[in-house]
Structure formats: C-alpha cells, structure tokens
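Each chain, written out:
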Amino acid sequence: MTAAEPDWLDLRRPVDDAARQESLHLLDDAVARLSNGTEPNPKTLLAIDIGAGTGNSALWFDAALRARLPDWELNWILLDSDQASLDLAATALPHARTICAPISALPTLSTELLAASEFRESKLLLTCSALLDVLTEADLTAVVRSLDDHDGIGLFLLSIVDGWELDPDHPSDAVIDAAFTAHQHRDGRLGHHAPERLMDLARRHGLTAVEGPSPWRLAAPADRTFLNRFLSERLDAAVDEHPALSAVAQDWWTQRQEQLGSGLSVRVNHLDVLIDAVGRACGGETPTVRAITPPTGTKAT
Ligand SMILES: C[S@@+](CC[C@H](N)C(=O)[O-])C[C@H]1O[C@@H](n2cnc3c(N)ncnc32)[C@H](O)[C@@H]1O
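Let me begin by describing the structure that accompanies this report. (Residues numbered from 1 in each chain as written. Predicted model: local features only at pLDDT ≥ 70, side-chain atom pairs only at ≥ 80, totals over all residues. Heavy atoms only, no water.)

1. Digging into the overall build of the chain
A count of helices and strands for the chain gives eleven helices and nine strands. By the compact-globule yardstick of 19 Å for 301 residues, the chain fits well, its C-alpha radius of gyration being 20 Å. A principal-axis box enclosing the C-alpha atoms of the chain has dimensions of 60 × 35 × 35 Å. When burial is assessed residue by residue, the chain has 53% of its 301 residues classed as buried. Within the chain, counting contacts between residues at least 6 apart in sequence, those at least 24 apart form 83% of the total. (Helix = DSSP H or I, 4+ residues; strand = E, 2+ residues; numbered from the N terminus. Rg over C-alpha atoms; globule rule 2.2 N^0.38 Å. Buried < 20%, exposed > 50% of the residue type's maximum accessible area, 1.4 Å probe, protein only. Contact = heavy atoms within 4.5 Å.)

If you want it as structure tokens, here you go:
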C-alpha cells in the first residue's frame, strides 16, 4: 500500500468536491435508509471513513451529513494505514478519532468499536472516496463483512472506472489508458473492476447495492495546474507499466502541454456505490456467504 501525497490530495479536493455534487442523491438515499423504520434512540452514528488520508473526504462527508441529520450525534473514526496522513487528518478534524490499520482489520475493529459503551446503540456508516481501485478482493470482503455483521450502510464515492475522454483526442490516448489500467491491477489490486466487484460481493451476501456516476469534468486552461499533475502522473504510471511506450509518451506529453494553455477538456469516469445491509430483509436476495479475512497490524491512536 502506498500513501497518497498530501499536496496531491489538497490539489484534488476542489475537483473531488465538485464531482461529489453528483453523489448527493446517493448520500440522500443513505440518510433516508439510516432514518428509515424504527428510529434509533439515541440517534447516534458511528461513521468510519476508510482510506481517510489527510481527512479531505471525511470533511466533505461530515458537512453533508450534519446538514441532513441535524439531530443526530455523529462520531467519526478515520481509518488509514498511513500514520503521517492521519496526523494531518487529526488536525483537520479535531473531533474525529484516528485509527492506523489496514482495511482488512475492519471487521474486528467495527465489532470492537460497536461493543464499546459509547457506541453500543449507534448505527454504522462506512464511507470512502477515491479508494476502491487500490483495494484487493480480501479488502472488499472485509468491507462487506463489516456491513453485514452490523446492519450497516456504506457509501463509497469517486471510484475510478474504465476510460477517459480527452478533447481533442490523440492517437495514443487508448494505448496510454490501457497501460495505466494494467498498472492499476498490480499486486492484486482490483483497479477499475473494484466497484462492480464490491456490488457483486454485497449482493451475494444478500445486501442491497445501488450505483451512480460522479465524473471529474476538467477543462484547461482553467484547470491547468490540476491537469498538469494528473496527466503527468497517469503517463508516468503507464510508462512504468510498459517502458516501451516512452517515445509515444513523449510525443503525447508535448502535445498535451501545449493544449493545457490553448484548450483541453478531460472527463474521468467514476462510479459511486451505496451498500445497504439494513434494508436487506425486504430485498429477498441470495443467502449470506461468508469469507473471513484475519486482521493484521492494527494500531489505534
Ligand atoms: C487516494 S487517497 C484518498 C484519501 C481521502 N479519502 C481523500 O479523498 O482525500 C487513498 C488513501 O487510502 C489509504 N489506503 C490505501 N489502501 C489502504 C488499505 N489497504 N488499508 C488502509 N488504508 C489504505 C492510503 O494510505 C491513502 O491515504
């Protein structure tokens, strides 16, 4: 697992926030599902932002949820395997608790947290943003198991799915995208397949899964700084995967840099996923199948 660079996370925050405007209907759906049926008393929510990084996604979820659940008590746990990121997150969200642990530890952690007297009556909400593509099958199993065990709701936003659309196009766009996609599957990562895989796993466990798009819509020169970083990092990953592409990449980059000044639009597709274990009894889907991932290297701060 590689931590994300904090300056990159800050650069993408306004772009992510803009894309998450399209996620609001799923957030509203999640809030309705949380409030449905027998209202919990007290109304307390244990929200765990997995892969929280420096806290930018949790800040967005926190503001959006507080506006929609004004009479609920929101308790935040920020989970990440990178302690340096969590140190920054703790400053950004001083009311949150941070836990440095891998996502595979989530079933044990969520059970321990919900057994503590302060959270015993709480509903569980798992959130994440810009995370799923780097996860493995075992990680997704841990996520689904945590929701299944505790009748939780999960809201997983801004997961990269296949393809990018650049205007004007370039003859090498497809080959660079294919190399980037292959790079995303290194070391057992699910890459672009992660959101579909998460929904498959959830449905096999009898949970409800709902999806929606939340693309980045970028245009240079206005988004020049962001696009310069984004495109150069994608290109580096593609060449890292297929070093034979380096000459093609050089030509592509020269043209793209000119267009960052003169005009370039880029659409990057994302998929949002809502998983609901609360409403499963009405869904009548297939019975539960369990796969258990043991926790490793858990550290709470
Ligand atoms: C792209 S960053 C997103 C951070 C934050 N959600 C945001 O939107 O700003 C992904 C984060 O997930 C964390 N991460 C990746 N794989 C992980 C794993 N298996 N267990 C725990 N954290 C993980 C990384 O350390 C990184 O901080």
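2. A closer look at the packing of aromatic side chains
Enumeration over the complete set of coordinates arrives at six aromatic pairs. Ring geometry for Trp164 versus Trp252: centroids 5.8 Å apart, planes at 20 degrees, classification stacked. On the criterion of sequence distance, the pair formed by Trp164 in strand β5 (residues 153–167) and Trp252 in helix α10 (residues 246–262) is long-range, its members being 88 residues apart. A relative accessible area of 9% places Trp164 in the buried class. Under the relative-accessibility criterion, Trp252 is labelled buried at 0%. What links up through ring pairs into an aromatic cluster is the set Trp8, Trp216, Phe226 and Phe230. (Phe/Tyr/Trp six-rings, centres within 6.5 Å; stacked < 30°, edge-to-face > 60°.)

3. Brief notes about the packing of helix α5 (residues 106–115) against helix α6 (residues 137–149)
Closest axis-to-axis distance for the α5/α6 pair is 8 Å, and the angle between their directions is 25 degrees. Considered as vectors, α5 and α6 are oriented roughly parallel to each other. For the element pair α5 and α6, the recorded crossing hand is right-handed. For the pair α5 and α6, the contacting residues are Leu106, Pro107 and Ser110 in the first and Ala142, Val143, Arg145 and Ser146 in the second. In the contact of α5 with α6, the residues fall into four nonpolar, two polar and one charged. (Axes fitted to C-alpha atoms, helices over the stretch in contact; angles between N-to-C directions. Parallel < 35°, antiparallel > 145°, perpendicular 65-115°, else oblique. Left-handed = near helix turned anticlockwise from the far one by under 90°. Nonpolar A, V, L, I, M, F, W, Y, C, P; charged D, E, K, R; others polar.)

4. As for helix α2 (residues 24–35)
Since the α-helix packs 3.6 residues into each turn, any two residues three or four apart lie on the same face. With twelve residues, α2 extends 16 Å from end C-alpha to end C-alpha; this agrees with the ideal 16 Å at 1.5 Å per step. Restricting attention to buried positions, one finds in α2 the residues Leu24, Leu26, Leu27, Ala30, Val31, Arg33 and Leu34. (Expected span 1.5 Å × (residues − 1).)

5. Observations concerning the pairing of strand β4 (residues 123–129)
Of all seven residues making up β4, seven are buried, and the element is well covered by its neighbours. Burial along β4 is two-sided: the face carrying Lys123, Leu125, Thr127 and Ser129 and the face carrying Leu124, Leu126 and Cys128 are both buried.

6. Some points on the packing of α2 against helix α3 (residues 56–68)
It is the contact of α2 with α3, at a shortest axis distance of 11 Å, that shows an interaxial angle of 55 degrees. Relative to α3, the element α2 is oriented oblique. With respect to the hand of their crossing, α2 and α3 are arranged in right-handed fashion. Here Leu24, Leu27, Asp28 and Val31 of α2 lie close against α3, whose contacting residues are Trp60, Phe61, Ala64, Leu65 and Arg68.

7. Structural notes on the pairing of strand β1 (residues 44–50)
Counting buried positions along β1 gives seven out of seven residues, so the element sits mostly inside the fold. On the question of chirality, the crossover connecting β1 to the parallel strand β2 (residues 73–80) by way of α3 is right-handed. Sheet topology note: the β1/β4 ladder contains five bridges and is parallel. By the bridge assignment, Asp49 is partnered in β4 with Thr127. (Right-handed = clockwise from strand over helix to strand, strands pointing away. Pairing = 2+ DSSP bridges.)

8. Remarks on the nonpolar core
Counting residues in each nonpolar core, the largest one holds 54 residues, and the members touching the most others are Leu65, Leu78, Trp216, Phe230 and Leu231. If we ignore the near neighbours within four places in the chain, the residues touching Trp216 are Trp8, Arg12, Val15, Asp16, Ala19, Phe226, Phe230, Val266, Arg267, Val268 and His270. Counting 38 residues, the second largest nonpolar core, distinct from the first, contains Ile77, Ala105, Leu113 and Leu132. (Core = buried A, V, L, I, M, F, W, Y, C linked by side-chain atoms within 4.5 Å.)

9. Points about the pattern of salt bridges
A complete count under the given rule lists 18 salt bridges for this structure. With its nearest N and O atoms 2.5 Å apart, the salt bridge here joins Arg68 to Asp28. Of this pair, Arg68 sits in helix α3 while Asp28 sits in helix α2; the two residues are 40 residues apart in sequence, bridging distant segments of the chain. On the basis of relative accessible area, Arg68 is assigned to the partly exposed category, the value being 29%. Across the pair Asp149 and Arg145 runs a salt bridge whose closest N-O atoms are separated by 3.3 Å. A residue pair is termed a helical-turn pair when its members lie 3 or 4 positions apart in one helix, as Asp149 and Arg145 do in helix α6 at four residues. Salt bridges sharing common partners tie together Glu5, Asp7, Arg229 and Glu233. (Salt bridge = Lys/Arg side-chain N within 4 Å of Asp/Glu carboxyl O.)

Nothing here speaks to function; it is geometry throughout.
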